[in-house]
Structures are given as structure tokens and as C-alpha cells.
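Observations on chain architecture
Next come the chains, spelled out residue by residue.
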Amino acid sequence: MKTAKNLLIPLIIMIVLAIGLVVFFAVDKNRNGGGEPTSVSRVDLLYISPVDVSSVSVRHRDSGATVTVDKKTSGNGSDVYSYSGSDMTGEGYSQTLMGDFVDALTSFVGCVPVSQNGNLAEYGLDDPAFKVTIAKTDGSSSTILIGNLSPGKETCYVCAPGTTAVYYVNAKKYEQASKVGKDLLDRRVAKLSLSTIETVRFERRKDSLDLYASCVYDSSAETASFKFSKPFEVSSSAYFDRLIETVCDLEADGYEDPTNDNVSRLGLLNPAYTVTLMAKNASVFKFEFSATKNGYYYGRLNGSGKIFKVANDRLDNMESPVLVLISSYVFHDTCDNVLSIECSDRENKFALKLEVPKEKTFSDAEATVTLDGRNAKVFSSSGRSYAAMLYESIFCIDVGGVDETASISSSAVPAMTITIFDRNHSSVTYTFFKRNEDTYYVCKNGVYTKFYVFSRELYNDGGTDTYDYGIWPAYDLLTKAITNAINGIYEIPK
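Residues numbered from 1 in each chain as written. Predicted model: local features only at pLDDT ≥ 70, side-chain atom pairs only at ≥ 80, totals over all residues. Heavy atoms only, no water.

**Observations regarding the overall build of the protein chain**
- Counting its regular elements, the protein chain contains 9 helices and 28 strands.
- The C-alpha atoms of the protein chain give a radius of gyration of 36 Å, which is well past the 23 Å a tight globule of 494 residues would have.
- Once the C-alpha set of the protein chain is aligned to its principal axes, its extents read approximately 105 × 85 × 45 Å.
- When each of the 494 residues of the protein chain is scored for burial, the buried share is 42%. (Helix = DSSP H or I, 4+ residues; strand = E, 2+ residues; numbered from the N terminus. Rg over C-alpha atoms; globule rule 2.2 N^0.38 Å. Buried < 20%, exposed > 50% of the residue type's maximum accessible area, 1.4 Å probe, protein only.)

**Topic: the environment of T106**
- If you trace the backbone, T106 turns up in the loop between helix 2 (95-105) and strand 5 (107-108).
- For T106, a relative accessible area of 5% puts it in the buried group.
- When sequence neighbours within four positions are dropped, the list of residues in contact with T106 reads L46, Y47, I48, V53, V56 and I134.
- Among the polar contacts listed, one links the side chain of T106 to the backbone oxygen of V102, at a separation of 2.9 Å.
- A polar atom in the side chain of T106 sits 3.5 Å from the backbone oxygen of D103. (Contact = heavy atoms within 4.5 Å. Polar contact = N/O pair within 3.5 Å; in protein donor to acceptor, adjacent residues only side chain to side chain.)

**Some details on the pairing of strand 8 (residues 141-149)**
- When strand 7 (residues 130-136) meets strand 8, the two strands line up antiparallel, connected through 6 bridges. Of the residues in strand 8, the one forming a bridge with V132 is I144.
- Connecting strand 7 to the next strand, strand 8, in antiparallel fashion are 4 residues, including G139 with a positive phi near 95°.
- Sheet topology note: the strand 8/strand 9 (residues 155-159) ladder contains 3 bridges and is antiparallel. The residue bridging L149 from the neighbouring strand is C156, located in strand 9.
- Here strand 8 hands over to strand 9 after 5 residues, with K153 in that stretch at a positive phi of 65°. (Pairing = 2+ DSSP bridges.)

**Comments concerning the pairing of strand 13 (residues 223-230)**
- Strand direction decides the pairing type here: strand 12 (residues 209-218) and strand 13, joined by 7 bridges, are antiparallel. Within strand 13, the position partnered with V216 by the bridge is S225.
- Two successive antiparallel strands, strand 12 and strand 13, enclose a turn made up of 4 residues, where E222 displays a positive phi of approximately 55°.
- As judged from the 2 bridges shared by strand 13 and strand 14 (residues 234-235), these two strands associate in the antiparallel manner. If you follow F228 over to strand 14, its bridge partner there is V234.
- Connecting strand 13 to the next strand, strand 14, in antiparallel fashion are 3 residues.

**Details of unusual backbone geometry**
- Following K230, the chain continues into P231 via a peptide bond in cis, with omega recorded as 0°.
- Tracing the backbone through its elements, the reader meets P231 in the loop between strand 13 and strand 14.
- For N302, which is not a glycine, the phi torsion comes out positive at approximately 55°.
- With respect to the helices and strands, the residue N302 is situated in the loop between strand 18 (296-301) and strand 19 (304-311).
- The phi dihedral of D372 is positive, around 50°, even though this residue is not glycine.
- Residue position: D372 is located in the loop between strand 22 (368-371) and strand 23 (374-375).

**Description of the confidence of the model for the protein chain**
- Averaged over all residues, the pLDDT of the protein chain is 90; the fraction at 70 or higher stands at 92%.
- Overall, residues 1-13 carries pLDDT values under 50, and its contacts beyond four positions in sequence, including any with other chains, amount to 0 contacts.
- Across residues 15-38, confidence stays below pLDDT 50; counting only partners more than four residues off in sequence or on other chains, it has 9 contacts. (pLDDT = per-residue confidence, 0-100.)

**Concerning the packing of aromatic side chains**
- The final tally for this structure, using the stated rule, is 21 aromatic pairs.
- With a centroid separation of 4.6 Å and 25° between ring planes, the pair formed by Y83 and Y93 is classed as stacked. On the criterion of sequence distance, the pair formed by Y83 in strand 4 (residues 79-83) and Y93 in the loop between strand 4 and helix 2 is long-range, its members being 10 residues apart.
- What makes Y93 buried here is its relative accessible area of 15%.
- Ring-pair connections join several aromatic residues into one group, and the members of that group are F331, F362, Y391, F395 and Y430.
- Here the guanidinium or amino end of K173 rests over the ring plane of F108, the centre of that ring lying 5.1 Å away. (Phe/Tyr/Trp six-rings, centres within 6.5 Å; stacked < 30°, edge-to-face > 60°. Lys NZ or Arg CZ within 6 Å of the ring centre and 35° of its normal.)

**With respect to the environment of F379**
- Inspection of the secondary structure puts F379 in the loop between strand 23 and helix 7 (386-395).
- Remark: the alpha-carbon pair of F379 and N148, spanning 231 residues in sequence, is separated by 75 Å.

**A look at the pattern of salt bridges**
- Going through the model one piece at a time under the given rule, you end up with 17 salt bridges.
- When the shortest N-O distance is used, the salt bridge between R61 and D62 registers 3.0 Å.
- On the basis of relative accessibility, which here comes to 30%, the residue R61 falls in the partly exposed class.
- A salt bridge links D249 to R188; its shortest N-O distance comes to 2.6 Å. Separated by 61 residues along the polypeptide, D249 in the loop between helix 4 (238-248) and strand 15 (254-256) and R188 in the loop between helix 3 (172-177) and strand 11 (197-204) bring together distant segments of the chain. (Salt bridge = Lys/Arg side-chain N within 4 Å of Asp/Glu carboxyl O.)

As C-alpha cells, this is what we get:
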């Protein structure tokens, strides 16, 4: 019995090892043989040197179209491509896109064998989706067949005509072969320098918005901003600036055929948005856009030619409310451009006079500022200027809203008046008329601006937050600071 037991134990161990070996090979086979091979010899199925390529032509099984890109070499040795496919139009084609098309479809190297004697129908190669023919400069040609995408969509199956050896390559070959003429069009819709733009008009149909602005170009910074003149006078915001910059340098994400059906179907008979750019040489560029459809804006330039599409996230500011497109401030200027400010309401008044060197601030040693004749260079212990706080409360009054249809009686008495004198001694006066308990209409030199502001912009007490003060509490605080400062320092009581 003891001998039998001794023999039984090694036998059990051998059986367990045998089962483990079978499981290992089964798992290994499943891992490596259940999909696309990962470690096999790769094959260079076809490679044609760029200098030998005359043209690449792809016949599409489903549409019957033939996409052909011809290649020549210029006198300086660079490659020049032209399009001669069956769907050729009079539009301009992209040298870069055509070059990528030729490069991708003349090199089938590193192909991974799938089957040396495959059933072509199983891989879509009995009636291939694409037949690629490469013509060479010596008059000969080579052909590759492209069948189905693999189940994972990361590769596609290929073979040479007359053979049953099947390989797979990166799906980018399939992607390039599937392109038609419109996919090779030049993506550049417009390339306009902001320095050449004189005026801009932005129209939005859904809320009848119609903005008209002149372009202000800063040649030193090579940037542009815009000054609206209709329906109100105010500066543009960074969001509007970015929208116009994008339109001036517009690149399409694709094209649609400019048929009457497409113009109607894509919403271009009655555009949702129109951006009109007038250049300094009197040239006009009118961009018409549809509402968003399937993640794109569709558009046309000057009402003709190809229909381009642009991803909606690149033109998202077209949807922005008007208060986002314009400057948030009713008016604004830097302190080095201002000589004095006079403010009054029905009970109080003050005069803030400045002498700030160019490109300097209130804290500069050479700057002087007085409030009603008293030295107003008073700071907190952290260096916050109380004069700057009052200045900002005046020049950073936020627009509360737009009310274009309101009218202000000629006999109305303003609740507050601000007169600003600049370094050239010219002046502008803003008056505020009560609209309701919370808001005030704003007039500029007696003309209604079509804006209103909230009362907090004039009367909010920010406590210890010196960036949240209205005008009159800021004036009161500066007065206290001047009176109670010690060596030019004053702290707000908590």
C-alpha cells in the first residue's frame, strides 16, 4: 500500500502539469490567434519611389467614381499635384492634401500576413471597395486592392490582383482611398489680414442683432479690436475680436457640393448669421452661415462657390449674447489719458484731478492725484491705492443690459452726472436717469446710449473688498482715507 501511494503522488503531479500545459497553449493561442497577429513577419507588399510616381487613381466600387491625382516635378525640384478625377470641379485643390493622398497610396510596406490562401470574399477583396492604380513615369503601373475594414476598424485588408494572399495595414490607407474630389479641396476659405479690414458687420437672424463696427488695428502688437457705432457706441469684447479673427483666417473642415438642393437643405437660402468684412481697398467679403447642423456651421463666401463646413466649437461666439460680444464697461480709459473727472448727484459732488505720466499708474512716484484739492495719494498697508479704487469705480461701470426702444423725457432730471476731461482738454459727459428701483438709463452727451446699469455700480459699499465699490461709497472711503491716513497709509475698519 505504501508503494502504491508513493507512485500515486507523482502521477497526480504529472496530470496537473499536463492540464496546466494544455491551458497555457489554449490561452496563448486565443490571445495571439483570435484577432490580428502581433508578432509575425511583415511584408513589403508594394513601394514606389516618389520620383517614379506619375499619378494615383482610385476607383470606388459603390459610387463608380474615379479619383485621380497627377504628379509632376517643377523646375526647382518640388512636387506639383493636380486633380483630374471624374468628379473634378473648377474649385482649387490643396497641394498638401493631394500630396498626402499620393504618399499614403504608393507605399504598402510592413503589411501583416493574414492568410496565404484566403477566401477573398471573407475580406471584401473579391469585389474590393477600392482599386488603387499607381502609374509610373516609365509608363508601367501597379495595382493594390483594398477590401473591408477589420472588426476593430483599426486596420483594413489588402491584396495584390490575381493572388489570394491577404494582408492587413493601418486603416489610414482605407481613409485616404475613400476620399473623393471635394475632400481634396483647399481647406482655406479666407486668408485676410486684420490690418486690411476697415469695417465689420455682424448680423444674427434669431434675435435681429445687427452690429456695425470699425476696426482698430494695433500694428505694434499685430492685434485688432473693434469700435461699435451701431446700434450703440461701445468697444468690442475679446470674444467678438476672436470671432472676427477666426472668420478672417477661416479654414473649412470639409465641403458639400454647391447644388440648389444643398443650399436649401443646409439653410443657406436664409442664413442664420452673416459676417461682412469691408477692406480698406473697398473689397467686400460676405460670409453667410447656417444654424448649426450635426455639429457644423455650413457657409458660403459672397453667396457663391463651394459650400464649406466649420465645426461649431470654432465659431461658438456666433451664439453669444450681445453683452458677451461687447465690452462689459459703459466707457473705459487708462488714467494716463485722463486729466480730471467731475461727478455730481442731487446731493453731492466731487472733482478728481490727475497727473499720471504715460504708461504709469497712481502709485508711481511722479504721479499726482487730488480729490477736491486735497492730496489723494493714500494707500492701504498692502499697497492698494484708494484713488485708484475711486477711478476704477467710475471707469469700470458694467453694462447691465440693452434697452433699444426706451425713451427718456427731455424734462427728466439726471440722478447722476459724470464729466471726463482728457489730456487734450476735450470732454464727454455721461448722465444717469432712473429706470426703476434697481437700474438707470445712461446717456452720453445728451444722447441715450441704449444701455442701462444697475444701481450697485453707483451705490454699492464693498466693505473691505476695494474692488467691489460703487462710485459714491468709493468717494466716501477715499475722503475718510485722506482725513485719517497716517504717513499716507489707511486701513478700512473691519
